[in-house]
Amino acid sequence: MLSHCDNVQATGFVEHLKLPHYVDFQAELGLVRQMRAEYAGAPARAEGGGRMSAVAAPQASGYNFAYLDEQTKRMIRRAILKGIAIPGYQVPFSSREMPMPYGWGTGGVQVTAAIIGPDDVLKVIDQGSDDTTNAVSIRKFFAKTAGVATTTETKDATIIQTRHRIPERQLTEKQTIVFQVPIPEPLRFLEPRETETRKLHALADYGLMHVKLYEDISRHGHIATTYDYPVEVADRYVMNPSPTPKFDNPKMHMSPALQLFGAGREKRIYAVPPFTKVRSLDFEDHPFEVQKFDKPCALCAATNVYLDEVVLDDRGGRMFVCSDSDYCEERRADGHRGELSGEAPHLVGGAA
Amino acid sequence: MMAKLNDKPLLSARNLGKHYGQRLGCRDVNFDLYEGEVLAVVGESGSGKSTLLSLLATELSPTAGAVNYRMRDGETRNLFDLSEAERRFLLRTDWGFVRQDARDGLRMGVSAGGNVGERLMAVGGRHYGRIRDTASDWLNRVEIEPERIDDLPKSFSGGMRQRLQIARNLVTHPRLVFMDEPTSSLDVSVQARLLDLIRGLVSELGLAVIIVTHDLAVARLLSHRIMVMRQGRVIETGLTDQVLDDPREAYTQLLVSSVLAA
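Here is a short report on the structure shown in this document.

**Details of the overall build of chain B**
Okay, so step 1: Along chain B, the regular secondary structure elements total 10 helices and 10 strands.
Okay, so step 2: Projecting the C-alpha coordinates of chain B onto the three principal axes gives extents of approximately 55 × 45 × 40 Å.
Okay, so step 3: Long-range pairs, those at least 24 residues apart, make up 67% of the contacts in chain B with a sequence separation of at least 6.
Okay, so step 4: Here chain B has roughly 11,700 Å² of accessible surface; of this, 47% comes from carbon and sulfur atoms.
Okay, so step 5: Positive and negative side-chain charges of chain B, numbering 34 and 34 respectively, have mean locations separated by a distance of 5 Å.

Shown next, in the form of structure tokens:
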């Protein structure tokens, strides 16, 4: 069990754990299975499509490669290219219905579907972990509809779709990271009119963003925004980095990997090209700071990583472990040992 | 005394007019406004005074005429030839706009300090301490206790909200302030205090003000010159005391005589 201290804006996380969403998802799966069974019974039809569909998905026949049709992929790729050309600018795109509810990463899934090829290796993380429902579902989705190899190891992946974290291991020029974005508009809670926020972006009129940070300091004595911390990209557009903890903001700066952001419900795609300046907004006398932890990871003794709090029992026992589960496992395989690595419950401690 | 004032007009309207389709908003408005001068626009409801104010503040685009403004660099430009970015910059630096309803002029969900500081941050202020000091200084100047800097305007009285709106507008030292019935939503004693405050700030800062009001007493107290509007046209202009004490037009006479001891 994970203990969380997110505020109301993060209720999306709790919603994911609620039964109705799971049932929706399960219901869709049931329908997909039924349709597939019906399709297998019918005579084979000719499939149209582009180059990529030449590689048929080995398991889920009846789908185009990576689920989306080629026209849709072209549309999404055009939006991505425009996003790369104007770093941080939110490009509208005609987001499709996906076989999963909004809030499950429909934007990220569409971006991944548009860029993935048969030789890609996909990693999907949710809250830093490869093993949570969202990550497992999306990984399986692409394994079935595209037949691509999947991995949990950051170093082997060519595409990493993520929700809430950027891996601890430094990404490379050969990798692309795809973020699932719930609310792409950084000015949304300050200015509800979309026409007005677009104008503010167009004129680089970002005083309002600092009003939010000002209010934080006047209420809490420090900038209390801990995730989805607004950044300025390439000295121009202010952008929401998706609900990653602000701990990960510095990783976006001059990252060698291409960073793509997809918001399915809000129908926006934006991008940070490799080696682009990404600056977290702040005040001169209240500079940007990332979260600090007083202890290393209880399992692998890593420092300077983002830690999750794990409740151990009902008497207040808890430990702090790497949120990036792959990074933690890799370190333990290399022989690093934290103070609880011997005692931690089997399920949490994993194989090491 | 005030700083040396320029002898060229700050703002001048030339044959300014606005039609809403067939319906007339206002037409053939001509006037010059100089630095440090307060111009009152009076008239009954529907006389076109609010349309005129919106035109001058570039919130509406005119169907005829031009408004020329002398920018801070000394160059005179037609406001309607400015780009959106230049216009917005003008609006948050060189101009102020005090609304009738403070809820339209303030961010009600943002603290008093944040409201005052917004313009400073919009023009690049990035030092929290300095922004806060300036905000606190301005709250003081408009007679709001600095301890209330972190309170939301929701918890302020009507008079305080109007004073906060004034502080928010004056913090970037604008040269021209538009006021749309700034006192009409307040009770009489609060009105008097606010008028006093506005009069003090206007002469201290050498502000040019265009104030729209239907209240001749407000015009008498604040303005140097007055412009009487009726059915979309300016029917009489002149020095405030002159017009109010000795109105020439029949309509102005009616307007003046309808007020108790203005």
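Having seen the structure, we can now continue with the description.
**Describing the environment of B:Ala192**
Okay, so step 1: Relative to the assigned elements, B:Ala192 resides in helix α7 (residues 188–205).
Okay, so step 2: Taking the C-alpha atoms as reference points, B:Ala192 and B:Leu221, separated by 29 residues in sequence, lie 9.7 Å from one another.

**Notes on the pattern of salt bridges**
Okay, so step 1: The final tally for this structure, using the stated rule, is 46 salt bridges over all chains.
Okay, so step 2: We note a salt bridge from A:Asp282 to A:Arg279, for which the minimum N-O separation is 4.0 Å.
Okay, so step 3: A:Asp282 gets classed as buried once you look at its relative accessible area, which sits at 18%.
Okay, so step 4: Several salt bridges share partner residues, and in doing so they unite A:Glu196, A:Lys199, A:Asp205, B:Glu84, B:Arg87, B:Arg88 and B:Arg92 into one network.

**What to know about the interface of chain B and chain A**
Okay, so step 1: If you look at the interface, chain B gives 24 residues, while chain A gives 21 residues.
Okay, so step 2: Taken together, the connections running from chain B to chain A amount to five salt bridges.
Okay, so step 3: For the interface between chain B and chain A, the tally reads 11 residue pairs in polar contact (both at pLDDT 80 or more).
Okay, so step 4: Contributing elements (two or more residues each) for the side of chain B that touches chain A: α2 (84–93), α4 (112–122) and α5 (128–141) of chain B.
Okay, so step 5: Of the residues belonging to the side of chain B that touches chain A, the class tally is eight nonpolar, seven polar and nine charged.

**Side note on the packing of aromatic side chains**
Okay, so step 1: Per the counting criterion, the structure on display carries 14 aromatic pairs over all chains.
Okay, so step 2: Relative to A:Tyr306, the ring of A:Phe293 has its centre 5.4 Å away and its plane inclined at 85°; by these criteria the two rings are edge-to-face. Remark: A:Tyr306 occurs in the loop between β10 (278–280) and β11 (307–311) and A:Phe293 occurs in the loop between β10 and β11; sequence separation between them is 13 residues.
Okay, so step 3: Taken together, a centroid distance of 5.8 Å and an interplanar angle of 45° make the contact between B:Phe97 and B:Phe178 tilted. Here the residue B:Phe97 occupies a position in strand β6 (residues 95–98), and B:Phe178 occupies one in strand β7 (residues 176–180), the gap between them amounting to 81 residues.
Okay, so step 4: Note on B:Phe97: relative accessible area 8%, which makes it buried.
Okay, so step 5: Classification of B:Phe178 by relative accessible area gives buried; the value is 0%.
Okay, so step 6: An aromatic cluster is defined as three or more aromatic residues linked by ring pairs; in this entry it consists of B:Tyr69, B:Trp95, B:Phe97 and B:Phe178.
Okay, so step 7: One cation-aromatic arrangement involves A:Arg236 over A:Tyr237; the distance from NZ or CZ to the ring centre is 4.2 Å.
Okay, so step 8: The aromatic ring of B:Trp138 is capped on one face by B:Arg141, whose charged end is 4.3 Å from the ring centroid.

**Description of α7(B)**
All names here are of chain B.
Okay, so step 1: Along its 18 residues, α7 runs 26 Å from first to last C-alpha, staying within 8% of the 26 Å computed at 1.5 Å per residue.
Okay, so step 2: Every buried residue belonging to α7 is among Gln191, Leu194, Leu195, Leu197, Ile198, Leu201 and Val202, and all of these are buried. One face of α7 carries all of its buried residues, which in axial projection span an arc of 165°. Across from the buried face of α7, at angles greater than 90 degrees, the exposed residues are Ser189 and Glu204.
Okay, so step 3: On its buried face, α7 is in contact with β3 (38–42), α5, α6 (158–170), β7, β8 (208–213) and α8 (216–222).
Okay, so step 4: At the exit of α7 stands Gly206, carrying a positive phi of roughly 65°.

**Structural notes on the nonpolar core**
Okay, so step 1: Within the largest apolar cluster, 67 residues are counted, with the highest numbers of intra-cluster contacts made by A:Phe283, B:Val116, B:Leu164, B:Ile166 and B:Ile211.
Okay, so step 2: Apart from the residues within four sequence positions on either side, B:Leu164 is in contact with B:Leu106, B:Ala112, B:Val116, B:Leu139, B:Ile144, B:Pro153 and B:Phe156.

Cut-offs and rules
Residues numbered from 1 in each chain as written. Chains lettered and ligands numbered in written order. Predicted model: local features only at pLDDT ≥ 70, side-chain atom pairs only at ≥ 80, totals over all residues. Heavy atoms only, no water. Helix = DSSP H or I, 4+ residues; strand = E, 2+ residues; numbered from the N terminus. Contact = heavy atoms within 4.5 Å. Areas by Shrake-Rupley, 256 points an atom, 1.4 Å probe, with all protein chains shown as cover. Lys, Arg positive; Asp, Glu negative; His and termini not counted. Charge placed at Lys NZ, Arg CZ, Asp CG, Glu CD. Salt bridge = Lys/Arg side-chain N within 4 Å of Asp/Glu carboxyl O. Buried < 20%, exposed > 50% of the residue type's maximum accessible area, 1.4 Å probe, protein only. Polar contact = N/O pair within 3.5 Å; in protein donor to acceptor, adjacent residues only side chain to side chain. Nonpolar A, V, L, I, M, F, W, Y, C, P; charged D, E, K, R; others polar. Phe/Tyr/Trp six-rings, centres within 6.5 Å; stacked < 30°, edge-to-face > 60°. Lys NZ or Arg CZ within 6 Å of the ring centre and 35° of its normal. Expected span 1.5 Å × (residues − 1). Arc of directions from axis to C-beta. Core = buried A, V, L, I, M, F, W, Y, C linked by side-chain atoms within 4.5 Å.

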